[in-house]
Amino acid sequence: MQPVKRLRKTWEKISLETFNQLEQFKNVSKNFANYRNALKTAMNEAENHRWQLDHIVIPFTSLVSQDVYFIKTRSKDYTTEGGINLQKYYAITKCIFEEFIECKQSNVCLFIEYQ
């Protein structure tokens, strides 16, 4: 994420610890496992607090698009019997539902708001 690193004045306003935490979340190893775990934790916490309006859980859109693209290109459109592969479309729907529709406003935020 080189373009983001070029925002020097912005990065000067945050602590090194917060910057390192952000870099861990965007670590690509194991298909963004750190980010996916943090998002799952935030969404579970938000669900426990009945999605209160204090903070927002926002999924990383590029990763959702990557997941949907992977499912679309790696799964066959039709079953061996010639029918429509409903499991493929169910997987795409589940991915979009879990990442977007369930991400409602919540009172959970992993990062401090900076002015």
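Residues numbered from 1 in each chain as written. Predicted model: local features only at pLDDT ≥ 70, side-chain atom pairs only at ≥ 80, totals over all residues. Heavy atoms only, no water.

Caption draft 1: Up close: the side chain of asparagine 85. Looking at the element boundaries, asparagine 85 is found in the loop between α5 (61-74) and α6 (86-101). Here asparagine 85 falls in the buried class, since its relative accessible area comes to 14%. Those residues in contact with asparagine 85, other than ones at most four positions away along the chain, are Ser75, Lys76, Asp77, Tyr78 and Thr79. (Helix = DSSP H or I, 4+ residues; strand = E, 2+ residues; numbered from the N terminus. Buried < 20%, exposed > 50% of the residue type's maximum accessible area, 1.4 Å probe, protein only. Contact = heavy atoms within 4.5 Å.)

Caption draft 2: Structural context of the environment of phenylalanine 60. Of note, phenylalanine 60 is situated in the loop between β1 (55-56) and α5. The spacing of phenylalanine 60 and lysine 26 is 34 residues in sequence and 9.8 Å in space, taken between C-alpha atoms. For phenylalanine 60, the residues in contact, after removing those within four places along its chain, are Lys26 and Tyr35.

Caption draft 3: Seen up close, the packing of aromatic side chains. Counting across every chain of the model gives zero aromatic pairs. The ring of tyrosine 35 has lysine 26 sitting right over it, with the charged end atom 4.1 Å from the ring centre. (Phe/Tyr/Trp six-rings, centres within 6.5 Å; stacked < 30°, edge-to-face > 60°. Lys NZ or Arg CZ within 6 Å of the ring centre and 35° of its normal.)

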